[in-house]
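Listed below, chain by chain, are the residues.
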Amino acid sequence: MPAKVRIPAPLRKLTNDQAVVEVTGQTIQDLLASLEKQYPGLKERICDESGQIRRFVNIFVNGEDIRFKQGPATPVSEGAEVSIIPAIAGGTK
Amino acid sequence: MAVKKIKGLKCKECGQLYEAKALHVCEFCFGPLEVDYNYDLIQSSVSRKSIQAGPISLWRYWDLLPVESHDVITLEEGYTPLLRARNLGKLLGLNNLYIKNDSTNPTFSFKDRVVSVALTRARELGFDTVACASTGNLAGAVSAYGAVANLKRFVFIPADLEEGKVIGAGVYNPHIIAIEGTYDEVNRLCAEVADAFKWAFVNVNIRPYYAEGSKTLGFEVAEQLGWRAPDQVIVPAASGSLLTKIHKGLQEFQDLGLIDRHTTKLNCAQAAGCGPIATAINEHTDLIRPVRPKTIAKSLAIGNPADGVYAAQLVMKTGGQGVSVSDEEIVEGIKLLASTEGVFTETAGGVTVASLKRLVQNGKIAPDDVTVVYVTGNGLKTLDAVQGKVSRPHVIAARLQDFRSLYEQLLNNVPAHSTI
């Protein structure tokens with residue numbers, strides 16, 4: 001079963017206005033790669049040139065911040081809920 | 001058209017450029033935006049002499065603040081006393097200790113600095129309504145300055161705020177909205193309100209301009225020390241913004257040739273019940289782990305600090321320390337400062353004084369270091385914190401004989417100030 005990924009408002013232009021998309025991946029890293037395949041351009045918004053997740057982007061797996069788990073190597077279980085949330089709220093305009 | 005000193009806004013993370021509007025987050029990478037100045041223009045107009053000829057307020061640094069108009073919204077904030085703390089210094093074995101007493105500002109906290117700048121800029125950008133998410137001090141400042149500028153005012157606070165701060169804002173007659181939740185929850189709501197209502201939220205969409213007001217706490221200390229940077233500063237941290245801006249102020253003075261190269265150590269003072277930045281520093285990381293605040297230092301009770309990363313990095317880079325102190329130490333800090341230097345500070349100042357004490361005990365401050373402790377708010381704002389913990393009146397009848405016998409008693413007791 002694929003994971004459900006919540007897309008923040010400023011990135012929905014890239015997902016045809018979908019707030020939640022379904023993608024598969026064993027880890028966050030895999031999941032980001034599949035996201036990029038399905039919605040080109042998404043990854044560069046979430047990761048910097050060296051592939052690191054940007055400092056002001058928070059990713060939660062089932063409510064837990066991956067920074068305090070295994071970072072990009074954090075496993076994504078079947079049907080997990082993944083949220084991508086800008087650290088500084090607001091500014092969607 | 002005249003050349004402007006504000007070139008625009010720039011993302012602190014990825015460098016993306018934006019127009020100088022009411023924006024605070026980079027659309028591309030979600031990093032915070034900062035004001036991008038035309039330093040060539042500033043360099044050509046600013047000097048020690050030009051500053052000294054300016055007003056006795058933070059507007060003497062107009063050239064380095066993010067507004068274009070000279071018609072500023074002011075209550076003559078800033079240029080507050082830098083006190084030579086001889087008694088406290090002697091007690092702690094420090095020969096060059098100073099207190100930057102920002103509790104003497106118009107609404108009794110350093111927030112008047114950021115609000116004076118933010119509201120001036122908000123008016124320039126055409127807003128007629130100003131708002132803020134506040135732990136109390138900011139609410140008072142926005143309410144007062146907004147009144148002077150005839151702006152509509154909405155201030156959002158956590159519902160459990162000290163009564164002194166609620167009244168201290170309410171007296172200026174703003175709309176006060178108390179949220180059942182922590183400051184971090186207030187802040188999240190305000191981000192949504194800012195988007196929906198198109199108001200000038202000083203610490204949300206006006207933040208890039210607002211935060212620049214804190215630089216003046218770096219400028220002033222350098223000027224007041226005779227155009228030199230201190231060796232050590234002890235700065236209370238909530239969002240971490242103040243600490244980064246004091247550093248930026250010293251850096252700009254250095255880059256403009258107004259002071260020599262500085263090697264100021266930045267020390268970050270937090271309460272143990274809400275010390276995410278100090279914790280990160282002590283773990284030698286800039287990963288800030290958010291906390292749920294539990295401390296009497298409510299003005300510092302931000303569990304998810306917006307500038308925490310940058311503050312932690314600067315403290316580590318400059319060789320400073322992160323300190324977190326208990327509620328008991330905070331109260332002792334308040335009493336110590338008042339009984340040695342005559343300055344009655346709110347809990348945040350208790351945090352910095354207690355942190356100073358700790359740094360001295362741990363050998364982190366040398367006796368001759370020029371050390372500046374920032375006191376950012378007035379003690380009358382947080383009377384609850386010291387209620388029942390300070391000297392009480394001796395009640396007697398109106399008879400000389402009664403006073404004589406009380407006096408005899410007092411003589412036999414140890415004087416209060418030697419108990420520290």
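Residues numbered from 1 in each chain as written. Chains lettered and ligands numbered in written order. Predicted model: local features only at pLDDT ≥ 70, side-chain atom pairs only at ≥ 80, totals over all residues. Heavy atoms only, no water.

Caption draft 1: Representation of the overall build of chain B within the structure. Assigned secondary structure in chain B consists of 16 helices and 13 strands. The principal-axis extent of the C-alpha atoms belonging to chain B is close to 80 × 45 × 45 Å. Of the contacts made within chain B by residues no fewer than 6 positions apart, 69% connect residues no fewer than 24 positions apart. With an accessible surface of roughly 17700 Å², chain B has 51% of that area assigned to carbon and sulfur atoms. Distance between charge centres in chain B, computed from 43 positive and 44 negative side chains, equals 3 Å. (Helix = DSSP H or I, 4+ residues; strand = E, 2+ residues; numbered from the N terminus. Contact = heavy atoms within 4.5 Å. Areas by Shrake-Rupley, 256 points an atom, 1.4 Å probe, with all protein chains shown as cover. Lys, Arg positive; Asp, Glu negative; His and termini not counted. Charge placed at Lys NZ, Arg CZ, Asp CG, Glu CD.)

Caption draft 2: Molecular detail of the side chain of glutamate 223 of chain B. Within the secondary structure, glutamate 223 of chain B is located in helix α9 (residues 216-224). Leaving out residues up to four positions away in the same chain, glutamate 223 of chain B has contacts with Ile51, Gln52, Arg60, Tyr61 and Tyr79 of chain B.

Caption draft 3: The arrangement of the pairing of strand β10 (residues 232-236) of chain B in detail. Residue and element names in this part refer to chain B. Counting buried positions over the five residues of β10 gives five, a clear majority of the element. The side-chain alternation of β10 yields two buried faces, one formed by Gln232, Ile234 and Pro236 and the other by Val233 and Val235. Note: β10 against strand β11 (residues 265-271), five bridges, orientation parallel. Note that in β11 the partner of isoleucine 234 across the bridge is asparagine 267. The β-α-β motif built from β10, the intervening helix α10 (residues 241-255) and the parallel element β11 has right-handed crossover chirality. (Buried < 20%, exposed > 50% of the residue type's maximum accessible area, 1.4 Å probe, protein only. Pairing = 2+ DSSP bridges. Right-handed = clockwise from strand over helix to strand, strands pointing away.)

Caption draft 4: Structural context of the sheet that holds strand β4 (residues 82-84) of chain B. Residues and elements named next belong to chain B. Read across the open sheet, the six strands follow the order β4-β5-β13-β10-β11-β12; overall the sheet is mixed. Whereas interior strands pair on both sides, the edge strands pair on one side only; in this sheet they are β4 and β12 (322-325). Taken pair by pair, the neighbouring strands of this sheet meet at an average axis angle of 25 degrees, ignoring direction. The pairing of β10 with strand β13 (residues 371-375) spans three bridges and is parallel. Within β13, the position partnered with glutamine 232 by the bridge is threonine 371. Across the sheet, helix α14 (residues 347-361) touches β5 (97-101), β10, β11, β12 and β13, and the angle it forms with β12 is around 115 degrees. (Axes fitted to C-alpha atoms, helices over the stretch in contact; angles between N-to-C directions.)

Caption draft 5: Expanded view of the sheet that holds strand β6 (residues 129-133) of chain B. Residues and elements named next belong to chain B. One open sheet accounts for four strands, arranged β8-β7-β6-β9; its pairing is parallel. Sheet topology places β8 (175-179) and β9 (200-201) at the edges, where each strand pairs with a single neighbour. The pairing of strand β7 (residues 152-158) with β8 spans five bridges and is classified as parallel. Each bridged residue has a counterpart across the sheet, and for proline 158 the counterpart in β8 is isoleucine 179. Contacts from helix α5 (residues 137-148) reach β6 and β7 within the one sheet, and its direction differs from that of β7 by about 175 degrees.

Caption draft 6: Inspection of the interface of chain B and chain A at higher detail. With 23 residues of chain B at the interface, the matching set in chain A holds 17 residues. Counting each side, the surface lost to burial between chain B and chain A is near 1900 Å², with a carbon and sulfur contribution of 64%. Ranking the residues of chain B by area buried against chain A places Phe28, Phe30 and Asp195 of chain B at the top, with a combined share of 34%. Along the contact surface separating chain B from chain A lie two salt bridges. There are three residue pairs in polar contact (both at pLDDT 80 or more) connecting chain B and chain A. Broken down by secondary-structure element, the contributors of at least two residues to the side of chain B that touches chain A are α7 (183-197) and α12 (308-317) of chain B. (Buried area = accessible area lost by both parts, 1.4 Å probe. Salt bridge = Lys/Arg side-chain N within 4 Å of Asp/Glu carboxyl O. Polar contact = N/O pair within 3.5 Å; in protein donor to acceptor, adjacent residues only side chain to side chain.)

Caption draft 7: Summary view of the nonpolar core. All names here are of chain B. Core analysis: the largest hydrophobic core is formed by 52 residues, its most contacted members being Val115, Leu119, Val142, Val202 and Phe253. By residue number, the principal contributor to this core is α5, which donates six residues. For leucine 119, the residues in contact, after removing those within four places along its chain, are Ile73, Val130, Val142, Tyr145, Gly146, Leu151 and Val202. By size, the runner-up hydrophobic cluster in this structure holds 45 residues, among which are Leu94, Val193, Trp199 and Val353. (Core = buried A, V, L, I, M, F, W, Y, C linked by side-chain atoms within 4.5 Å.)

Caption draft 8: Main features of the pattern of salt bridges. Considering all chains together, one arrives at 25 salt bridges over all chains under this definition. Residues arginine 55 of chain A and aspartate 286 of chain B are paired through a salt bridge, measuring 3.8 Å at the closest nitrogen-oxygen approach. Note that arginine 55 of chain A is positioned in the loop between α2 (42-46) and β3 (57-61) and aspartate 286 of chain B in the loop between α11 (276-282) and α12, a pairing that runs across two chains. For arginine 55 of chain A, a relative accessible area of 33% corresponds to the partly exposed category. The partly exposed category is assigned to aspartate 286 of chain B, whose relative accessible area is 27%. The closest approach of N and O atoms between glutamate 212 of chain B and lysine 215 of chain B, which form a salt bridge, is 2.7 Å. The burial state of glutamate 212 of chain B is the same as that of lysine 215 of chain B; both residues are buried. Residues joined in a network through salt bridges with shared partners are Glu34, Glu212, Lys215, Lys245, Lys248 and Glu252 of chain B.

Caption draft 9: A look at the pairing of strand β1 (residues 6-11) of chain B. Residue and element names in this part refer to chain B. Sheet topology note: the β1/strand β3 (residues 33-37) ladder contains five bridges and is antiparallel. Residue glycine 8 lies in a different strand from β3, and its bridge partner there is aspartate 36. Bridging between β1 and strand β2 (residues 17-18) involves two bridges; their strand directions are antiparallel. When the sheet's bridge partners are listed, leucine 9 is paired in β2 with tyrosine 18. The turn linking β1 back onto β2 is made up of five residues, and glycine 15 within it adopts a positive phi angle of 80 degrees.

Caption draft 10: Structural detail: the environment of glutamate 346 of chain B. Residue and element names in this part refer to chain B. Along the chain, the position of glutamate 346 falls in the loop between α13 (327-341) and α14. Excluding its chain neighbours within four sequence positions, the residues that come into contact with glutamate 346 are Asn137, Lys165, Ser299, Ile334, Gly377, Asn378, Gly379 and Thr382. Within the local environment of glutamate 346, its side chain forms a polar contact with the side chain of asparagine 137, the two groups lying 2.7 Å apart.

Caption draft 11: Structural view of the packing of α9 of chain B against α10 of chain B. Residues and elements named next belong to chain B. Where α9 meets α10, the closest approach of the two axes is 6 Å, and the angle between their N-to-C directions is 50 degrees. Viewed along their axes, α9 and α10 adopt a mutual orientation that is oblique. Handedness of the crossing formed by α9 with α10: right-handed. Of α10, the residues touching α9 (which contributes Leu217, Gly218, Phe219 and Ala222) are Leu242, Ile246, Gly249, Leu250, Glu252 and Phe253. Among the residues forming the contact of α9 with α10, the class breakdown is seven nonpolar, two polar and one charged. (Parallel < 35°, antiparallel > 145°, perpendicular 65-115°, else oblique. Left-handed = near helix turned anticlockwise from the far one by under 90°. Nonpolar A, V, L, I, M, F, W, Y, C, P; charged D, E, K, R; others polar.)

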